[in-house]
Amino acid sequence: MQNGHQDHTNEPTNHDDLQQPLLITHTSKPITPYAECSIFSHLTFSWLSPLISIGRKKPLDLDDIPDLSGPDCANGSFPVLKNKLHRDRLINNNNKLTTLNLVTALIITTWKDILITAILAVIYTLASYVGPYLIDAFVQFLNENRESNLKGFLFVFIFFLAKVVESVSQRHWFFKLQQGGIWARAALVAMIYEKGLTITSRSTVGQSGGEITNLIAIDAERIGDFGWYIHDPWLVILQVGIALIILYRNLGIASLSALVTIGIIMLINLPLGRLQEKFQDELMKSKDNRMVKCSEILRNMKILKLQAWEMKFLSKIFQLRNTETKWLKYLLSTSTTIISIFWVAPSFIAAITFATCMLLGAPLESGKILSAIATFKILQQPIYNLPDTISMIAQTKVSLDRITSYLNLDELDSGLVESSPRGSSDIAVEVINGSFSWVVLSNNLTLKNINIKVFHGMKVAVCGTVGSGKSSLLSCILGEVSKVTGIVKVNGTKAYVAQSAWIQSGKIEENILFGKDMDTEKYDKVLKACDLKKDVEILPFGDQTVIGERGINLSGGQKQRLQIARALYQDADIYLFDDPFSAVDAHTGSHLFKECVLGFLESKTVIYVTHQVEFLPAADLVLVMKGGEIKQAGKYNDILDSGSDFMELVGAHNEALSMIDSINTNLESENTKVNEKDSVEVKPDDTNETKGQIVQKEEREQGSAGFSIYWKYITSAYGGALVPFLLLAAIAFESLQVASNYWLAWASPVSPDEVPPVGGTTLIAVYVGLAFGSMLCIFVRAMCLTTAGYKAANLLFNKMHLCIFRAPMSFFDATPSGRILNRASTDQSTVDLTIPNAVGVFAFAVIQLLAVIVLMYQVSWQLIWVSIPIIAICIWLQQYYISSARELARLVGVCKAPIIQHFSETISGLTTIRSFHQEQRFQDTNMKLTDNYSRPKFHSAGAIEWLSFRVELLSSVIFAFFLIFLLINVPNEIIDPSIAGLAVTYGLSLNIIQASVIWKLCNMENSIISVERILQYTSIPSEAPLVIDTCRPHDSWPSDGNVDIHDLKVRYAPHMPLVLRGITCSFRGGTKTGIVGRTGSDGINISSIGLHDLRSRLSIIPQDPTLFQGSVRSNLDPLEQYTDEQIWEALDQCQLGDEVRKKEGKLDSPVNENGENWSVGQRQLVCLGRVLLKKCKILVLDEATASVDTSTDHTIQQTLSAHFSDSTVITIAHRITSVLNGDMVLVMEQGLVEEFDSPLKLLENKSSSFAKLVAEYRGRSCSSYDS
C-alpha cells in the first residue's frame, strides 16, 4: 500500500461540544457488538453493519453509538496504567516519573495488542512478497509453449489467496493499532485529569491553562496516534531482509548494492530526524504560548471590548502566530525535502542495483527485472514511511516529555492538615504556631505566627485591609497552601465559598446539589435561606435554566448566592466563607447573614472573611489581620479599643454611618417625587418574548462537506493558482515512473536466448534520466503542496480570529470557550499539518489508480467487462459508508470539547472541588466524557476497515480475472509476455491502491471538517464598525458627559428573554449617579459612530476584576500610551503604590495568569488604576470596590471625587455609602427603572425602595445580629 498507514494518521482530530452543559446524566446503552461477535463477523467487520445501516438512513447521533466494552473504556484502561506506574515507582524507590517509565508502562499494559498486531504485520509482510517472489516464474510461464493452463490457474489461485490474506491481516492490524491508541489516549487523559485534581494551586504557575489544555487536546492524541508507527522500526528491517532474499535469488551478489543504497538512505534520516524533533518541539512551545494568550483573551473578552483593546490583543495573537508559523515553515520545508528524497528512492535503488548487475555481468532478464521492480515497489512503502516514522517518533517523544513533566508537578500534601471525624474533639479548627507560604521553600512567608482555636458551633469573623492574608488563612485551613511550620487540625467535613464565584456550566439545580441526591424539603429551605426563590422564578426555565460558562448569565450577587446554596446543601460541619457578602446588596447581604450564617448554620462552625464591619459583632471570635499575621483576636467589644488596626476599619465604617445620619430623613412624603427634567418611563413586560437557554447545542453540519468547502480551501491560497502545477507535477511523476518501468520491461529480454533491443548502458542511462525527471516532478509537487497548504492555513487562521475578535459579546456569552479554543488548537493543527497532505495524497492516489487501470486495460481489454460492475459496487459501498463515517468524524470533533472544557473548569475550581471532597465524582465525569469521545472514534476506526476490507476483496477479484484473461490472451500472441508481466507487477498493488483511493477520499472528507468548522467561525455576525470615517466624533468628545437613554431593551441573545425591558432616563454631564437594586449622548447618537471611538472615550470597570498574564505595567497600560511617572501616580491614587514598590520588579513585577498572585481586592485596585490613567469624561463603575475594606473604599471614593469632579460618574454599588454622596440615584428592579431622583428626595419618601434600602443598611449596621 502506497503511504498506507501514514494516511491513517491524518484522521481529523477536530473537536467541540456535543452538548452543553457538562453536568450531564448518562444512561446505559448497548455494548458494542464487537465485544461478542462471531469469528466471521469479526474477520469481515460485519459487526459494524447495523450501525452503518442506521447512518445510511439518518444522521448518526451520539445516542446511536454503542458503549465500549470494559477493557476499552477509560474505567478499564486507566487503572491498569496507573497501577503499573505505581509499581514501577515502588520498585525503583523513585517518586519522580521519567519518560522511560511512562513509555514502559504504556507498552507493558498493551503488550497483548502489540503482540497480535506484530504477528498480523509479519503475516501481511510475508503475503505481500508472494507476488514479487512468483512474478519471474509467472513471466517465464507466459513465455512457454504450453498445452494446459492448469499451472497458470494455480498461479492465479496463489496470487488471489495471498491478496486475501494480505488484506485481512492488514485490516485487522490497522484496526487493533487504532484500538490500542484509543485505549492509551483514554488512560492518559484520565491520568492527566487526576493529576490536575491533586496539584497545588501554585504548581500551575509555570503551566498555564492553555498549555495544560494542549496536553489533552494534542499531546495525548498524538501518543494515541503513534500506534500506527510502533512496529515500523523493526518491520522495515524484516521487509528489507525479505526483499534482499528475493533480489539475491534473482540478481545474485548484485543485490548487496541495494542493501548498501538502502542503508545510505536510512542514514540520511538521522540528521533529518534530529531537525524534525527540534522543529516539532519549538512548534509545540510556540503553539502553547499562543493558546495561553488566546485562552486568557477569550476569558476576558468583555473587558477588552469595554476598553477598546481587542485589536491590540489580536495583534499579539498574530505576533505569536508568526513565531509559530516560522517553526511550521521549517518543519514543512524539512518534510518537503524528505518527501522528495524518499519518493524517488526506489527508482535510484533499482538503478544502482541494475547497474551493479551489468558491471558484474549478471543477466538482466525481464522476469527478474519485473520481480525486482515489484520488490522495490513494496519497499517504497517502508522507505517512504520512514521519515514519517522518524517525525512521529520525534513528535511523540516531545509529547511524552511534556506529559511526564506535568505528571511530576508538586501535588498537594495530604499531611498539611490533620483531619478527623466530627465527634473526635470539641475543637473544630486549630492552628498551632503556623507559618505558611504559597511558594515552597521560600523565605517570603504568606502567613506567620498563626495560632487559633475554634470550637464547634462558633462563628469566627476574619477582617483586615486588602492583601492582609485573610483568604490565605482560609486556604491554610483547607490545606491549599504549603505549611512551613506548625500544626493544622480540622475535625469534621468542610464546605467552602470562594471569593471569586466558581460556577459550573450546567443547570442551577445541578450546581446546588453538587453531586448530592435531591431532598426537596432541604432544597427549598436552602433556596429560601439564600434568597434565591425570587431569582429562580424570574429565570425563564426556573432552576432548570442552564448557566453559561463561568456563570455568564448570572449577576455577581446571584453567583455568590448560588455558591452559598451549594455549600449549605452539603450539610458540612465546618463552613469557610471568603467574603461572599460583598457581591450582594445591603438587603440581600443582611438576609444571607441572618438566614444562612445565624439561622441555617446556627449549630455549625462558620469562619467568614468580611469587609462589612456590621457583621463582626455577631461573631464569637474576631480575627484582625495585617501583613500575614493575626494582630488582634477576641470578641468585637473586647478588641474595639485594644489596637489601631481594628479601630481603623471600624472608624471608617462609623464615618460612613455618620454620613447617613447627617442626611435629614424626617420629611415624609406619600409619593416618590421624580425629577421632572430627568423623566422615567416604565415599560410593561414583553409578553411575546421568546424563551431559550443561553448556551445552545453545538452547531454540527450534516451531510456531505460539499464542494464549496473544498473550493474555498483550495482557492484560499493564491486563488488556487498552484493547484494546476501540483496536479501536472503529480501526473508527470507517475507517467515517468510508469515510463521508466515500461522501458525496463521492453528493453530487457524475456530469456537469456533473446538479444536485447538496446545495450546495457543505454538501458541504465535512460532509466536514470527518467528517475531524475521523477525527482524533479515530486519536488515541484511537494513544494506546491507545502506552499499552498501553508498559505491557506495562515489565511484561515487570520480570518477566523479577526471574525472572533469582532464578534459581539452575545457570541461569547452563548459560546463556551472550549468550542473556540478547539478550533484554534486542534482544528488549526489539522489545517496546518494534515489537510494539505490529505488532499495531496488523495489526488496522487487517483492518478496512481488510473495508471494501473490503463496499463491493465492495455494488456487485457476484456477486463473492462468485469471491472466496471465491480468498481460500481465499490463506489456504492463507499457511498453507503460515507454518510455514517462523516457523522462519526463530526461526532469525534464535537465530543472532544466537553473534555477540555470540563478540565478547564476543574482547574479553575480546584479549591472548591477539593474542599467538598468531590474529586472522585469529577474524575467519573471526566471518564464518561472521555468514553463519549472514544465511542465514535472506535466505531469510526472500525467503519473504515469495514469498507477497506470489502473494496480490497473486490479489487482482488478484478486482479484474479485479469490473470485469467492473460492466460487466454498471451498464448494467442496478443501481448508481449514482458509487458504482460509489467501489468501484473502493477496489478499486484491494485487492491491496495483502489482501497487507498476510497480510504483517502473518506479521510479527506473527515479532515476537511476542520476547515468546515473554522469557516463556521469566519461568518460570525460582526459588531458595528470600530471606526466610521464619515462620522468621527471630535477629539474632545464627550465634552460635557451627558448620557441620554431612550427605551433601551437588552437581552443576552436573540432567543433569551429581555433583561432590560425599556429604560428611558438621562444622566446630566458631571453628575454622580448611583445605581442600586437587587443584585451616552453628548449631541451624538452613539449608534452612528464607530465602537472604538465610543469605547475609547469611556472608562468602565466591570464587576469581575480582570488581570492579564504579563507585568504590572502591561496591565495598567497595555497600549503603551503613558509614562512611568503617570503609572506610578495612578498606582498611588488607587492605594497600590507602596505594595508595588515592595516588589523586586517594581512596574515589571510579574502578574500570573488570571492575576492569581494578587488578591481579589488588589486586582480591583489595578482595574481602578486603569481608569485613573485614562481620565475619561464618562466613568462607569460596576461594583469596583466590592472586595476592598471600608477604609480603602472611603479613600478611593475621595480619590475619584477629586479626579473626576467634572466627569459623569455612574456607579453600580451594593455599598449604600458609595452612592449617597452622588447627585442622583437610579433604582432598578427586574430590568425596569423603579425610581430615579436625588438621594435626598428619594429618602424623603420612607416608602420608596431606596429609603427602605438605606434603612435596611443602617439597621443591620447598628445591629449586632446576636441571637
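Note that the structure is predicted; figures quoted are calculated from it, not measured.

What counts, and where the lines are drawn
- Residues numbered from 1 in each chain as written.
- Predicted model: local features only at pLDDT ≥ 70, side-chain atom pairs only at ≥ 80, totals over all residues.
- Heavy atoms only, no water.
- Helix = DSSP H or I, 4+ residues; strand = E, 2+ residues; numbered from the N terminus.
- Buried < 20%, exposed > 50% of the residue type's maximum accessible area, 1.4 Å probe, protein only.
- Areas by Shrake-Rupley, 256 points an atom, 1.4 Å probe, with all protein chains shown as cover.
- Pairing = 2+ DSSP bridges.
- Axes fitted to C-alpha atoms, helices over the stretch in contact; angles between N-to-C directions.
- Contact = heavy atoms within 4.5 Å.
- Salt bridge = Lys/Arg side-chain N within 4 Å of Asp/Glu carboxyl O.
- Core = buried A, V, L, I, M, F, W, Y, C linked by side-chain atoms within 4.5 Å.
- Lys, Arg positive; Asp, Glu negative; His and termini not counted.
- Left-handed = near helix turned anticlockwise from the far one by under 90°.
- Nonpolar A, V, L, I, M, F, W, Y, C, P; charged D, E, K, R; others polar.
- Expected span 1.5 Å × (residues − 1).
- Patch = residues over 30% accessible without salt bridge, like charges linked within 9 Å, V, L, I, M, F, W, Y side chains within 5 Å.
- Phe/Tyr/Trp six-rings, centres within 6.5 Å; stacked < 30°, edge-to-face > 60°.
- pLDDT = per-residue confidence, 0-100.
- Parallel < 35°, antiparallel > 145°, perpendicular 65-115°, else oblique.

A word on the overall build of the chain. Summing up its helical and strand segments, the chain has 43 helices and 22 strands in all. In the chain, which comprises 1267 residues, the proportion classed as buried is 62%. As displayed, the chain offers around 47300 Å² of accessible surface, 58% of which is attributable to carbon and sulfur atoms.

Where burial is concerned, most of strand E10 (residues 605–609) is hidden: five out of the five residues are buried. Burial along E10 is two-sided: the residues Thr605, Ile607 and Val609 and Val606 and Tyr608 are all buried. Where strand E4 (residues 459–464) and E10 come together, four bridges link them in parallel fashion. What sits directly across from Val462, in E10, is Val609. In the sheet, strand E9 (residues 574–578) pairs with E10 via five bridges, with the strands oriented parallel. Looking across to E10, one finds that Phe577 is bridged to Tyr608.

Next up on the list: unusual backbone geometry. Here the phi dihedral of Asn449 falls at roughly 55°; this positive angle occurs in a residue that is not glycine. Residue Asn449 is classed as exposed on the basis of its relative accessible area, which comes to 52%.

We now examine the side chain of Ser956. Examined against the element boundaries, Ser956 turns out to sit in helix H32 (residues 919–969). Classification of Ser956 as buried rests on a relative accessible area of 1%.

With that settled, the discussion passes to the sheet that holds strand E11 (residues 621–626). What holds strands together in a sheet is hydrogen bonding between their backbones, with the strands either parallel or antiparallel. Strands sit in the order E6-E9-E10-E4-E11-E12 across an open sheet of six strands; the sheet is mixed. With one partner strand each, in any of the chains shown, strand E6 (494–497) and strand E12 (629–634) form the two edges of the open sheet. The mean angle between the axes of side-by-side strands here comes to 15°, regardless of whether they run parallel or antiparallel. In this structure, E4 lies alongside E11, joined through five bridges in parallel fashion. What sits directly across from Ala461, in E11, is Val622. On the sheet, helix H16 (residues 470–478) packs against E4, E6, E9, E10 and E11 and is oriented at approximately 150° with respect to E9. Taken strand by strand, helix H20 (residues 556–569) contacts E6 and E9, and its axis lies near 180° from that of E6.

Within the open sheet, the four strands sit side by side as E1-E5-E2-E3. Their pairing is mixed. A single partner strand is all that each edge strand has here, and the edge strands are strand E1 (418–420) and strand E3 (447–455). Each strand axis lies, on average, 5° off the axis of its neighbour in the sheet, ignoring direction. Note that strand E2 (residues 427–437) and strand E5 (residues 482–491) share seven bridges and pair antiparallel. Opposite Glu430, over in E5, you have Lys489 as the bridge partner.

With that settled, consider the pattern of salt bridges. Under the criterion given, the structure shown has 39 salt bridges. Note that Arg171 and Glu945 form a salt bridge whose closest N and O atoms lie 2.4 Å from each other. Of this pair, Arg171 sits in helix H8 (residues 150–198) while Glu945 is found in helix H32, placing the two residues 774 residues apart along the sequence. Among the salt bridges present, the one from Asp288 reaches Arg402, with a minimum N-O distance of 2.3 Å. Note that Asp288 is positioned in helix H11 (residues 255–299) and Arg402 in helix H15 (residues 366–407), a separation of 114 residues in sequence.

Turning next to the nonpolar core. Among the nonpolar cores identified, the biggest contains 153 residues, and Phe138, Phe354 and Phe962 are the most heavily contacted of them. Residues contacting Phe962, with those up to four places away along its chain left out, are Met856, Val859, Ser860, Leu863, Ala983 and Val984. The next biggest cluster of nonpolar side chains, apart from the first, holds 97 residues, and it includes Ile192, Ala461, Leu562 and Cys596.

A few words on the side chain of Arg950. Note that Arg950 resides in helix H32. Despite its burial, Arg950 pairs with no opposite charge; the closest candidate is Glu945, at 9.6 Å N-O. Those residues in contact with Arg950 that lie beyond four places of it in its chain are Thr44, Phe45, Ser46, Ser49 and Leu877.

This part takes up the packing of helix H28 (residues 817–859) against helix H33 (residues 977–987). Where H28 meets H33, the axes come as close as 9 Å, and the angle between the chain directions of the two elements is 145°. As H28 packs across H33, the resulting crossing turns out to be left-handed. Contact residues: H28 offers Val852, Leu855, Met856 and Val859, while H33 offers Ile979, Ala980, Leu982, Ala983, Tyr986 and Gly987. Tallied by class, the residues present in the contact of H28 with H33 amount to nine nonpolar, one polar and no charged.

What follows deals with helix H30 (residues 897–908). A rise of 1.5 Å per residue sets the reference length of H30, with its 12 residues, at 16 Å; its end C-alpha atoms lie 17 Å apart and thus fit the reference within 8%. Among all positions of H30, only Ala897, Pro898, Ile899, Ile900, Gln901, His902, Phe903, Glu905 and Thr906 are buried.

All right, on to a nonpolar patch on the surface then. Together, Trp111, Leu115, Ile119, Ile123, Leu154, Phe157, Ile158, Leu161 and Val165 make up a nonpolar patch on the protein surface, roughly 810 Å² of accessible area in all. Elements with a minimum of two residues in the nonpolar patch: helix H6 (111–128) and H8. Top contributing element to the nonpolar patch by residue count: H8, with five residues. With respect to the helices and strands, the residue Ile158 is situated in helix H8. Its relative accessible area of 32% is what places Ile158 among the partly exposed residues.

A few words now on the pairing of E2. Of all 11 residues making up E2, nine are buried, and the element is well covered by its neighbours. Pairing of E2 with E3 involves six bridges; the strand directions are antiparallel. Bridge assignment links Glu430 to a residue of E3, and that residue is Lys453.

What follows is about the packing of aromatic side chains. For the coordinates displayed, the defined rule picks out 43 aromatic pairs. With a centroid separation of 5.1 Å and an interplanar angle of 50°, the aromatic rings of Trp173 and Phe174 are classed as tilted. Accessibility expressed as a relative area gives 1% for Trp173, which makes it buried. An aromatic cluster is built from Tyr575, Phe577, Phe581, Phe593, Tyr608 and Phe615, whose rings are joined through pairwise contacts.

All right, on to the confidence of the model for the chain then. Mean pLDDT over the chain works out to 80, with 88% of the residues at or above the 70 mark. Of the regions scoring below 50 in pLDDT, residues 1–27 engages in 140 contacts with residues more than four places distant in sequence or in other chains. In this model residues 664–690 is a low-confidence stretch, pLDDT under 50, and it forms 52 contacts with partners more than four residues away in sequence or in other chains.

Axis separation between H11 and helix H26 (residues 760–805) bottoms out at 12 Å; the angle between their running directions is 20°. Overall, the two elements H11 and H26 adopt an arrangement that is roughly parallel. For the pair H11 and H26, the sense of crossing is left-handed. Between H11 and H26, the contacting residues are Arg290, Cys294, Ile297 and Leu298 on the first element and Phe797, His801, Ile804 and Phe805 on the second.

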